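Given next are the chains, with one letter for each unit.
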Amino acid sequence: MKIKVGIVGMPNVGKSTFLNLMTQKYVAQEGEWPFTTINPNRGIVLYDKEEFLTVFKKFGSKSIKYPELEFIDVAGLVKDAYKGKGLGNEFLSHLKEADILIEIVRTFEKENVPHQEGSIDPERDHKIIQEELLMSDIKICERNQKKDKILEKIKEKILKKEKLDDDQIQVAKSYGLFALKEKIIIENGKRNLDWVDFSFSFKEDFNHELKIKIIEKILDKLNLTFFITANENETRINLIEKNSNFKEAAKIVHSDFEKKTIKVQVIELKDFLRGEEKTKIFNKNDKIIPESIYKFIF
Ligand SMILES: Nc1nc2c(ncn2[C@@H]2O[C@H](COP(=O)(O)OP(=O)(O)O)[C@@H](O)[C@H]2O)c(=O)[nH]1
Ligand SMILES: [Mg+2]
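Residues numbered from 1 in each chain as written. Chains lettered and ligands numbered in written order. Predicted model: local features only at pLDDT ≥ 70, side-chain atom pairs only at ≥ 80, totals over all residues.

**Digging into the overall build of the protein chain**
Spelled out, the test is: Each helix corresponds to a stretch of at least 4 residues labelled H or I by DSSP, and each strand to a stretch of at least 2 residues labelled E; elements are numbered beginning at the N terminus. Each residue is classified by how many other C-beta atoms fall within 10 Å of its C-beta atom, where C-beta atoms are placed from the backbone; a count of 20 or more means buried, 12 or fewer means exposed, and values in between mean partly exposed. C-beta atoms are placed from the backbone for every residue, and two residues are taken to be in contact when these atoms lie within 7 Å.
Helix and strand content of the protein chain: 9 helices and 12 strands. Along the first, second and third principal axes, the C-alpha atoms of the protein chain reach 60 × 50 × 30 Å. For the protein chain, the residues scored as buried account for 33% of the 298 residues in total. Within the protein chain, residue pairs in contact and separated by at least 24 positions form 59% of the contacts whose partners lie at least 6 positions apart.

**Quick look at the site of ligand 1**
Note the following rule: Nearness rests on one distance test: the residue's C-beta atom, set from the backbone, must lie within 6 Å of the molecule or strand. Under the scheme applied here, ten amino acids are nonpolar (Ala, Val, Leu, Ile, Met, Phe, Trp, Tyr, Cys and Pro), four are charged (Asp, Glu, Lys and Arg), and all others, including Gly, are polar.
Of all residues adjacent to ligand 1, which total 21 residues, the nearest are Gly14, Lys15, Ser16, Thr17 and Lys203. Considering each element in turn, the shell around ligand 1 owes the most residues, 3 residues, to helix H1 (residues 15-23). A class-by-class count of the residues in the shell around ligand 1 yields 5 nonpolar, 11 polar and 5 charged.

**Here's the deal with the domain arrangement of the protein chain**
Operational definition: The domain limits used here are those given by an automatic or database domain assignment.
Domain boundaries assigned for the protein chain yield domain 1 (3-48 + 67-221) and domain 2 (243-297). Computed from C-alpha coordinates alone, the two centres of domain 1 and domain 2 are separated by 35 Å.

**Description of the nonpolar core**
Stated formally: By convention the nonpolar core is taken to be a set of buried residues drawn from Ala, Val, Leu, Ile, Met, Phe, Trp, Tyr and Cys and joined through C-beta atoms within 7 Å.
Formed by 44 residues in total, the largest nonpolar core has its most connected members in Val5, Ile7, Leu69, Phe71, Ile72 and Ile104. Of all the secondary-structure elements, those providing two or more residues to this core are strand E1 (3-8), H1, strand E4 (68-73), strand E5 (100-106), helix H3 (122-144), helix H4 (150-159) and helix H6 (208-221). If one sorts the elements of this core by residue count, H3 sits on top with 5 residues. With near-sequence residues (within four places) excluded, isoleucine 72 lies in contact with Lys4, Val5, Gly6, Ile7, Pro40, Arg42, His94, Leu95 and Ala98. Phe52, Ile237, Val264 and Ile288 belong to the second-largest nonpolar core, a separate cluster that totals 18 residues.

**Examining the sheet that holds strand E3 (residues 63-65)**
Stated precisely, the cut-off is as follows: Paired strands are those between which DSSP finds at least two bridges. Inter-axis angles, ranging from 0 to 180 degrees, are taken between N-to-C directions of lines fitted to C-alpha atoms, where helices are fitted over the stretch in contact.
On the basis of which strands lie adjacent, the open sheet formed by 6 strands has the order E3-E9-E8-E12-E10-E11 and mixed pairing. On the outer flanks of this sheet lie E3 and strand E11 (280-283), each paired with one strand and no other. Averaged over all pairs of adjacent strands, the angle between their axes in this sheet comes to 30°, without regard to strand direction. Here helix H2 (residues 50-59) sits on the sheet and contacts E3, strand E8 (224-230), strand E9 (234-241) and strand E12 (292-297); the angle it forms with E9, its principal contact strand, is near 140°.

Structure below.
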């Protein structure tokens, strides 16, 4: 399971800087100009929590495999991009596949980094981005509603911000509509706005702990947790939906495991790290215990 995270925001708010921070590599070009990013930049972000490394060391594994998240950084959206302003909005199609969106709003002031709208106003920017994402959805509905009649109703509901029913959700998701995606808002700056999920200066305040917090927020929004398998060869951290059972966990590790597994020995990560031998045995049809180390018994 590779989670895909789309980064949206106006030009020059720090989207590419954010990708660089999260990937700890220079994948994306940062620039002083509005439209530096024409093709999307893609970077792999590792969920490399420190505790996982402790497990790896305690088991004496040869290698460790962390969950990978793919971050996709596209061009900045400007007001009326859906009408063709700036680079237009067609580049948003690269985010169709994203499981979740991170919207970056800017509160840092810097004279040599111009803001598209000429001033710093995160509320205004947020409204512009929401409107552009909505209009992109509407355009996709209109473009396809001849062949998929249900899109007419979906469009109406999205415009009125009404809940979709299950059939509609499925169709809307298949078209990658943004209205159906989870969202996280990050402020690049130090105003500590109360409507955002994270506030920090991208240039000054980033660290590994913050990276892990952001990843965990993403996992939480997607209703995901992790389990670990570890032996002398490999420590592997696997993502899994919170309401899964052990059989589903077994399948994630190896397609064979689902059939072979009879029971699972479980120790919670926090107990393992404290050196407590609190292992429990579960049946394969039991609901998983999150954030734990599993040993599948055949
Ligand atoms: N002073 C300051 N400059 C920043 C900060 N974040 C990004 N920048 C600068 O703003 C410019 C635009 O950043 P970039 O990441 O390319 O924005 P994007 O257009 O949203 O991808 C670059 O020159 C960055 O170095 C910040 O937190 N403080
Ligand atoms: Mg950029």
